[in-house]
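Geometric and topological summary
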Amino acid sequence: MRESLLTIPVNEVFEPREGCPFCRMRNTVEAHICEYIMGAAMMEPDVRMETNKLGFCHRHFLDLLKQSNRLSLGLMLNTYLSDLNADLFAKKGILSAIKPDKRTQKASKVDESCFVCTKVDWGMTHMVKTFFVMFRDDSKTAPVFRPLFAEQEFICMPHYAWIREKAPAALSKGELTAFLTALDTVVGNYAASLNQDVGGFCNSFDYRNAGKLHTPEMQHVRTSVNRSIEFLTGRSVE
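Cut-offs used in this document
Every chain begins its residue count from 1, and numbering advances along the sequence as written. In view of the model being predicted, local features appear only for residues whose pLDDT reaches at least 70, and side-chain atom pairs are presented and counted only at 80 or more, with totals across whole chains, interfaces and linings using the full set of residues. Hydrogen atoms and water are omitted, and side-chain values are computed over all heavy atoms in the structure. Strands are runs of DSSP state E lasting at least 2 residues, helices are runs of H or I lasting at least 4, and numbering of each runs from the N terminus. Computation of the radius of gyration draws on C-alpha atoms, with the globule rule given as 2.2 Å multiplied by the number of residues to the power 0.38. Each residue is assigned to one of three classes by its accessible area relative to the maximum for its type, calculated with a 1.4 Å probe on protein chains only: buried under 20%, partly exposed between the two thresholds, exposed over 50%. A 1.4 Å probe that fits into a set of points on a 1 Å grid over the protein atoms alone but cannot get out defines a cavity; an open set with protein on both sides within 12 Å along at least five of seven lines defines a pocket, and lining residues are those with an atom within 4 Å of a point. Grid points are joined across faces, edges and corners, and a volume is the space filled by probe spheres set on the points. Charged residues are taken to be Asp, Glu, Lys and Arg, nonpolar residues to be Ala, Val, Leu, Ile, Met, Phe, Trp, Tyr, Cys and Pro, and polar residues to be all remaining types, Gly included. Whenever a carboxyl oxygen of Asp or Glu lies within 4 Å of a side-chain nitrogen of Lys or Arg, that contact is scored as a salt bridge. Buried Ala, Val, Leu, Ile, Met, Phe, Trp, Tyr and Cys residues that are joined via side-chain atoms within 4.5 Å together make up what is termed a nonpolar core. Any two residues whose heavy atoms approach within 4.5 Å are treated as being in contact. A fitted line through C-alpha atoms serves as each axis, taken over the contacting stretch for helices, and the angle formed by two N-to-C directions is quoted from 0 to 180°. Each angle receives one of four descriptions, namely roughly parallel if under 35 degrees, roughly antiparallel if over 145, roughly perpendicular if within 65 to 115, and oblique otherwise. Rotating anticlockwise by less than a right angle from the far helix to the near helix defines a left-handed crossing, while the corresponding clockwise rotation defines a right-handed one. Counting rule applied: Lys, Arg positive; Asp, Glu negative; His and chain ends not counted. Contacts described as polar in this section are N or O atom pairs within 3.5 Å, which, within protein, must combine one atom able to donate a hydrogen with one able to accept it, while residues neighboring in sequence count only if both atoms come from side chains.

1. A closer look at the overall build of the protein
In terms of regular secondary structure, the protein is built from 12 helices and zero strands. In the protein, the succession of helices and strands from N to C terminus is α-α-α-α-α-α-α-α-α-α-α-α. For the protein, the C-alpha radius of gyration of 23 Å lies well beyond 18 Å, the compact-globule estimate for 238 residues. By its C-alpha atoms, the protein is 70 × 55 × 35 Å across when sized along the principal axes. The 238 residues of the protein split such that 37% are buried.

Here it is, written out as structure tokens:
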């Protein structure tokens, strides 16, 4: 399939052949969104209205804190908290008072939405559509993308479930069978290998294996617990 502005970003996240490509895809989109809203977009009225409405989840608050411009985050928080205070606590009088149950409902929704999550979901949905087109249209005589997909180190469990759910609507019956076979092979092989490595990690604490864990050839065993968390959650241990 000929490269285009749509296919290049997808190829770029699959080319390293290490880790989960869909995690790299998500991380790339997250980074772009965080840089965008912490820059000039922070002063755009429509963006500020959305951030005031949606707020941020804990994960993306941490990502925003890593940006160099903490003033931008402070300004967004200032208007967000002003709206929150006006909506929940500053209304006076019998007619304008919020009933206790309504106040509880409003308060419980504060951490249920996130501006970054919404934008990342949008970006990922569009990129994964391109991914399926690339898999579907890969040349039958000289395939390029399908072998690249089959060479991935692993796909984390959250993204494994996500793309399996989306695949039937994106691929024909024959294409779907080929895709699921390749997908299950990549994930199944890694899960079995990881299981073996974690077993080796546990066995290394047996006194009969003292010192073996720290030898160069045991690197894959030493990292198995961290890698298991990344595989199961889609987030690396930082």
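2. Some details on the layout of surface pockets
Taken as a whole, the largest pocket spans an internal volume of roughly 350 Å³. Surrounding the largest pocket, 15 residues form its lining, P9, V29, H32, G123 and M127 being those nearest its centre. Mapped by element, the contributors of at least two residues to the lining of the largest pocket are α1 (7-14), α2 (21-37) and α7 (115-137). When residues in the lining of the largest pocket are grouped by element, the largest group, six residues, is from α7. Across the lining of the largest pocket, the residue classes break down as eight nonpolar, five polar and two charged. Only α3 (45-54) and α5 (70-88) provide two or more residues apiece to the lining of the second largest pocket. The element that contributes the greatest number of residues to the lining of the second largest pocket is α5, accounting for five residues. Its residues assigned to classes, the lining of the second largest pocket shows five nonpolar, two polar and five charged.

3. Quick word on the pattern of salt bridges
Taken as a whole and assessed by the stated rule, the structure comprises eight salt bridges. The partner of R136 in a salt bridge is D137, and the shortest N-O contact between them spans 2.8 Å. A relative accessible area of 29% means that R136 is categorised as partly exposed. Put simply, R164 and D184 hold a salt bridge, and the shortest N to O gap is 2.8 Å. With R164 in helix α9 (residues 157-170) and D184 in helix α10 (residues 173-203), the pair connects residues that are 20 residues apart, well separated along the chain. Exposure remark for D184: the relative accessible area of 32% places this residue in the partly exposed category. Each of R26, E30 and R235 takes part in one network of salt bridges that share partners.

4. So, empty space enclosed by the protein
Tallying each qualifying case throughout the model produces one cavity of 30 Å³ or more. For the largest cavity, the calculated volume is near 30 Å³. Lining the largest cavity are T51, N52, G55, F56, F61, M76, L77 and Y80. If you list the elements that add at least two residues to the lining of the largest cavity, you get α3 and α5. Here the residues of the lining of the largest cavity are counted per class, giving five nonpolar, three polar and no charged.

5. Some details on the nonpolar core
Residues F14, F22, F131 and F179 are the most contacted members of the largest nonpolar core, which totals 52 residues. Elements represented by at least two residues in this core include exactly α1, α2, α3, α5, α7, α8 (145-150), α9 and α10. The dominant element in this core, judged by the number of residues it contributes, is α7, at 10 residues. Each residue touching F22, except ones within four places of it in the same chain, is listed here: F14, M124, V128, F131, I155, H159, W162 and I163.

6. Overview of the packing of α2 against α7
Each pair of packed helices can be summarised by the angle the axes make with each other and by the distance between the axes. Axis separation between α2 and α7 bottoms out at 9 Å; the angle between their running directions is 135°. Between α2 and α7, the angle falls in the class oblique. The element α2 and its partner α7 pack so that their crossing is right-handed. Contacts between α2 and α7 involve F22, M25, R26, V29, E30, I33, C34 and I37 from the first element and F115, V116, K119, V120, G123, M124, M127, V128 and F131 from the second.

7. Some details on the side chain of R24
Structurally, R24 can be placed in helix α2. One buried charge, R24, has no salt-bridge partner; the nearest side chain with opposite charge is E18, at 5.9 Å. Only 2.6 Å separates the side chain of R24 from the backbone oxygen of V13, close enough to count as a polar contact. In this structure the side chain of R24 is engaged in a polar contact, spanning 3.5 Å, whose partner is the side chain of Q152.

What is shown is where atoms sit, not what they do.
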